[in-house]
Amino acid sequence: MNKRQVGTEYEQMAARYLEENGLEIIETNYRVKIGEIDIIARDGYTLVFVEVKYRASKEYGGASFAISDKKKKTALKECINCIKTDKNLLGQFQFQNAM
């Protein structure tokens, strides 16, 4: 399996986990001008933007270490751009990392 296939598999597992825990999946692999949001879900009135990360080894830290400060800033911009673009997504929001 190549890296893209592994990433897709983990994104699908994360989406299933979110659904099993009561969240509604709105969109996966949502493209915006500056990148992509892996999963957009709704938890009541709150939008949840999820970045899915996988690491085969914890030698250099777990998946949470794979999200740099630059990526966090870009992700926030992606979320804001997404909300500006799609008025159906108005509301409170949060950003989560799925590992």
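Residues numbered from 1 in each chain as written. Predicted model: local features only at pLDDT ≥ 70, side-chain atom pairs only at ≥ 80, totals over all residues. Heavy atoms only, no water.

What follows deals with the overall build of the chain. Counting its regular elements, the chain contains 2 helices and 4 strands. Ordered by position from N to C terminus, the α and β elements of the chain give α-β-β-β-α-β. The buried share of the chain, reckoned over its 99 residues, is 34%. Taking all contacts inside the chain whose residues are at least 6 apart in sequence as the whole, residues at least 24 apart take part in 51%. Only carbon and sulfur atoms are counted for the fraction: they give 49% of the accessible area of the chain, which is about 6900 Å². (Helix = DSSP H or I, 4+ residues; strand = E, 2+ residues; numbered from the N terminus. Buried < 20%, exposed > 50% of the residue type's maximum accessible area, 1.4 Å probe, protein only. Contact = heavy atoms within 4.5 Å. Areas by Shrake-Rupley, 256 points an atom, 1.4 Å probe, with all protein chains shown as cover.)

Attention now goes to the confidence of the model for the chain. Per-residue pLDDT for the chain has a mean of 77; in total, 70% of the residues score no lower than 70. Of all the helices and strands in the chain, strand β4 (residues 92–98) carries the lowest mean pLDDT, 61, while helix α1 (residues 3–20) carries the highest, 89. (pLDDT = per-residue confidence, 0-100.)

Two faces belong to every sheet, and in a regular strand the side chains alternate between them. Of all the 9 residues making up strand β2 (residues 35–43), 7 are buried; the element is thus mostly covered by neighbouring parts of the structure. Strand direction decides the pairing type here: strand β1 (residues 24–32) and β2, joined by 7 bridges, are antiparallel. Looking at the pairing, Glu27 lines up with Ile40 of β2. Between β1 and β2, which follow one another and run antiparallel, lie 2 residues. As defined by bridge partners, β2 adjoins strand β3 (residues 46–52) across 5 bridges and the pair is classed as antiparallel. Among the inter-strand pairings, Ile40 is bridged to a residue of β3, identified as Phe49. (Pairing = 2+ DSSP bridges.)

Because each turn of an α-helix spans 3.6 residues, side chains separated by three or four positions end up pointing in the same direction. Here α1 contains 18 residues, and its C-alpha end-to-end distance of 26 Å stays within 8% of the 26 Å for a straight helix at 1.5 Å per residue. Along α1, the residues that are buried comprise Val6, Glu11, Ala14, Ala15 and Leu18. Capping the start of α1 is the job of one residue whose side-chain oxygen sits 3.0 Å from the backbone nitrogen of Arg4: Asn2. Immediately downstream of α1, the backbone of Gly22 shows phi near 90 degrees, a positive value. (Expected span 1.5 Å × (residues − 1). Polar contact = N/O pair within 3.5 Å; in protein donor to acceptor, adjacent residues only side chain to side chain.)

What follows is about the environment of Ala15. Tracing the backbone through its elements, the reader meets Ala15 in helix α1. Classification of Ala15 as buried rests on a relative accessible area of 11%. Distance in space between the C-alpha atoms of Ala15 and Ile25 is 7.0 Å, their sequence separation being 10 residues. Ignoring any residue separated from it by four or fewer positions in sequence, one finds Ala15 in contact with Ile25 and Ile39.

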